[in-house]
Amino acid sequence: MIAGRIGWSQRALGAFVIAAAWLGAPPAASAQPRLDVSVSGAWWDGYDLGARRAAITGPQIPTGSLVTLFDSDVAILPGPGAEVRLGWRLFRGVYAEATGGLGVNDVEARIHDDIEQAPAITVSSTLTQITVEGGGLVEVATLQLPAGRLVPFVTGGGGYLRQVHEGRVLIETGRTMYAGAGLKWKSTAVRPRGLLQRLLVRGDVRVVSRTAGVDTDDERRTYITVSGGVGIRLF
């Protein structure tokens, strides 16, 4: 009877030690690096800025009516960009993320219906766009591959927009909000060592909503950005 009680006590003690060790041990994710640093090439989509009409007051008496000089259709064209991202893992698959972006787009105006019946012409100039944004990223799943892990994620946030026209003849500021999704590739190593095991490959697709900035009207504009690049996982 005593031996049975001793055996039961030993089993209970062993189970308690195992449970305490399991509860006290950090999750496997805590062994992973906490900081993701990535650099990406990007493509920023364009969007219409609307139609404008240049007109003057006619010579009619007592009050003149508007006389149209010409009409114009204005748009920002798609162009290349670059993005740098810093992501700090708060817990498991949740990251706080900061992004800096640089895009080079053309502003194009098509001028037509001239009062002197001149042929339609198209003029363009360069617009440099700079963004500084903050947001969050959530990894929603992990797909095991022979050479690593494929991790889908969703992301969202907002920030500051600076637009500088060619020759600095016009400088405007605005605000952005974005939502998107993408994929990361990571190594399967629990404790990555060396450059290869710390390597990160990332692709993003985002929908960006912009207010203020260079525009013909004070309206919200929406466009898409696509980016892909490489990075490293640290700490």
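Before reading on, note that the structure itself is shown above.
Summarised in this report is the structure supplied together with it. No experiment lies behind these values; they were computed from the predicted model shown.

About the thresholds
- Residues numbered from 1 in each chain as written.
- Predicted model: local features only at pLDDT ≥ 70, side-chain atom pairs only at ≥ 80, totals over all residues.
- Heavy atoms only, no water.
- Phe/Tyr/Trp six-rings, centres within 6.5 Å; stacked < 30°, edge-to-face > 60°.
- Helix = DSSP H or I, 4+ residues; strand = E, 2+ residues; numbered from the N terminus.
- Buried < 20%, exposed > 50% of the residue type's maximum accessible area, 1.4 Å probe, protein only.
- Lys NZ or Arg CZ within 6 Å of the ring centre and 35° of its normal.
- Salt bridge = Lys/Arg side-chain N within 4 Å of Asp/Glu carboxyl O.
- 1 Å grid on protein atoms, 1.4 Å probe; cavity = no way out; pocket = protein on both sides within 12 Å on 5 of 7 lines; lining within 4 Å.
- Points joined across faces, edges and corners; volume = space filled by probe spheres on them.
- Nonpolar A, V, L, I, M, F, W, Y, C, P; charged D, E, K, R; others polar.
- Pairing = 2+ DSSP bridges.

**Some thoughts on the packing of aromatic side chains**
So, step 1. In the structure shown here, the tally under the stated rule is one aromatic pair.
So, step 2. The interplanar angle of 20 degrees and the centroid separation of 5.2 Å between the aromatic rings of Y47 and Y223 together place this pair among those described as stacked. Of this pair, Y47 sits in strand β2 (residues 47-57) while Y223 sits in strand β11 (residues 221-234), placing them 176 residues apart in sequence. Of the two residues, Y47 and Y223, neither departs from the other in class, the shared state being buried.
So, step 3. Over the ring of Y95 we find K184; its NZ or CZ atom is 4.1 Å from the centre of that ring.

**Section: the pattern of salt bridges**
Pairing between side chains of opposite charge can happen when their charged atoms approach one another.
So, step 1. As enumerated under the stated definition, the model contains 11 salt bridges in all.
So, step 2. D215 is the salt-bridge partner of R210, the closest N and O atoms lying 2.7 Å from each other.
So, step 3. The buried category is assigned to R210, whose relative accessible area is 1%.
So, step 4. Judged by relative accessible area, D215 falls into the partly exposed class, the value being 22%.
So, step 5. Here R221 and D215 are joined by a salt bridge, their closest N and O atoms 2.8 Å apart.
So, step 6. When its relative accessible area of 11% is taken as the criterion, R221 is described as buried.

**As for empty space enclosed by the protein**
So, step 1. On inspection of all chains with the given rule, the structure shows one cavity of 30 Å³ or more.
So, step 2. When its volume is computed, the largest cavity comes out at roughly 30 Å³.
So, step 3. If you trace the largest cavity, you find it lined by W44, T131, E133, R206, V208, Y223 and T225.
So, step 4. For the lining of the largest cavity, the secondary structure elements donating two or more residues are β6 (121-139), β10 (199-212) and β11.
So, step 5. Partitioned by chemical class, the residues of the lining of the largest cavity number three nonpolar, two polar and two charged.

**Description of the pairing of strand β4 (residues 79-91)**
So, step 1. Bridging between strand β1 (residues 35-44) and β4 involves 10 bridges; their strand directions are antiparallel. The partner of A42 across the bridge, within β4, is G81.
So, step 2. Linking two consecutive strands that pair antiparallel, namely β4 and strand β5 (residues 94-112), is a turn of two residues; a positive phi of about 45 degrees is found at R92 within it.

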